[in-house]
Structure formats: structure tokens, C-alpha cells
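A closer look at the structure
Listed here are the chains, written in short residue letters.
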Amino acid sequence: AAKIWNIDVEAVEWENGALMHHRRMTRPANSAAVVLTIPGGVLQETATNRGVTTVASLAGATSRLDSLQIRDAMVGKKASLALRAGGDSLTLTIEGSPQDLEAALKLAHALLRHAPVEETAFDKWQQQILQGIARARVDLQAQFRIAVQRAQLGDDARFRELTEEDVEARSIAEAEAWLRSIVDG
């Protein structure tokens, strides 16, 4: 392990090419955090699959447990995990007390191996995005934000606001395949 920067961070590159940074923290007390950053995401999208990374980040189940069973399994444990989509990566954050971190790490492993997108989460996402699109049509602040974003990003299709057609074109199967392609590299 090589120490990097002047903040006592250790860097380790594993045989599989994964890079780990480690820093011992003193605050908050009795807590730990693991952040897995997986390259890939919105930057790899095209005009024809815009939004697929966000749908893929809805994955909150495993091949053996649905999201409610996962929530039940974590009751009483001081640990959590969250999968988030970013512009150039997916981030899986695991946080909690060191005693309960193992359960969350096991869930993270299961999510990375096979993480289905549940239909209820997908339907809720579609409904929320479609409602947001409808609101943006009559909201001057939203129209201004869209115009500024387009000007800043050169009207790059990957970063434009989703349309109804984009939302309707997304599917659970497509999102799960996209997530697999990102995780598997």
C-alpha cells in the first residue's frame, strides 16, 4: 500500500484492477463507510437509451430477496447501503457501525452479482418523471434551468431533460442488462 496525498490515505490496487483508498477516520465515532465507485453511467448513454443508468440505479433487490425482505433483514442493524447513478459512475455506499457492516457488505455483494429492478420501483420512477416533465412545461424556473443546462452542456443528448418518449422507451430488462454491463466492466 502506498500512502498518497498529505492526508494519510493508503492506496491499494488489487489483482483484478480494482483500486482501493483507505483512510482511518476518528469521527464520527464507532462508524465505518465503504464507497464503491464503478466506472460507467450517463456518459456511456446515447440519445436512444437516455435514462437507463438512473433506472439501473433503482435496483434494490437480489436474486433471493426482494426490497422488503432486505429492509426486514436490516431492522435493528445500524448499517445502510445505497446505489446512486452519477455522470460517469455508479456509486454503492455502505455505512454503519463496524459490528453491523458485515450484513450490509453481504447485501452489497449480492446486489453487485444480480440486482433486479423491481416493477414497483420502476413504475414509481416512470410516474414521478412523467409528472416532473408535465410540471416543467408550465414552470418558468424549470424552463430557465433547462435552457441554462443546454447552454452549458452544448445540448449533449445524454444530459438533456428526459422526454415522455425516453421514459416510455425504458424497460426493466434494459436497465438490468445495463447494470450488468457496468458492473462486469
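Coordinates for the structure precede this section.
Residues numbered from 1 in each chain as written. Predicted model: local features only at pLDDT ≥ 70, side-chain atom pairs only at ≥ 80, totals over all residues. Heavy atoms only, no water.

Examining the overall build of the protein chain
- On a plain count of helices and strands, the protein chain comes out with seven helices and six strands.
- Ordered by position in the sequence, the α and β elements of the protein chain form the string β-β-β-β-α-α-β-β-α-α-α-α-α.
- Looking at the protein chain as a whole, 31% of its 185 residues qualify as buried.
- Across the protein chain, contacts joining residues at least 24 apart in sequence account for 68% of those joining residues at least 6 apart.
- Of the roughly 12,000 Å² that the protein chain leaves accessible, carbon and sulfur atoms contribute 53%.
- In the protein chain, 21 positive and 25 negative side-chain charges are present, and the distance between their average locations comes to 6 Å. (Helix = DSSP H or I, 4+ residues; strand = E, 2+ residues; numbered from the N terminus. Buried < 20%, exposed > 50% of the residue type's maximum accessible area, 1.4 Å probe, protein only. Contact = heavy atoms within 4.5 Å. Areas by Shrake-Rupley, 256 points an atom, 1.4 Å probe, with all protein chains shown as cover. Lys, Arg positive; Asp, Glu negative; His and termini not counted. Charge placed at Lys NZ, Arg CZ, Asp CG, Glu CD.)

Some words on the sheet that holds strand β5 (residues 79-85)
- Strand order in the open sheet formed by three strands is β4-β6-β5, and the pairing between neighbours is antiparallel. The open sheet is flanked by β4 (32-39) and β5, the only strands paired with a single partner. Ignoring which end each strand starts from, the neighbouring axes of this sheet average 10° apart.
- Here eight bridges tie β4 to strand β6 (residues 89-96), and the two strands are oriented antiparallel to one another. Note on β6: the bridge partner recorded for Ala33 is Glu95. (Pairing = 2+ DSSP bridges. Axes fitted to C-alpha atoms, helices over the stretch in contact; angles between N-to-C directions.)

So, the pattern of salt bridges
- Tallied over the full model, the rule gives seven salt bridges.
- Between Lys106 and Glu102 there is a salt bridge, with the nearest N and O atoms lying 3.3 Å from each other. Of this pair, Lys106 and Glu102 are both found in helix α3 (residues 101-113), four residues apart, which corresponds to roughly one turn of the helix.
- Since its relative accessible area comes to 55%, Lys106 is described here as exposed.
- Between Arg170 and Glu174 there is a salt bridge, with the nearest N and O atoms lying 2.8 Å from each other.
- Classification of Glu174 as partly exposed rests on a relative accessible area of 24%. (Salt bridge = Lys/Arg side-chain N within 4 Å of Asp/Glu carboxyl O.)

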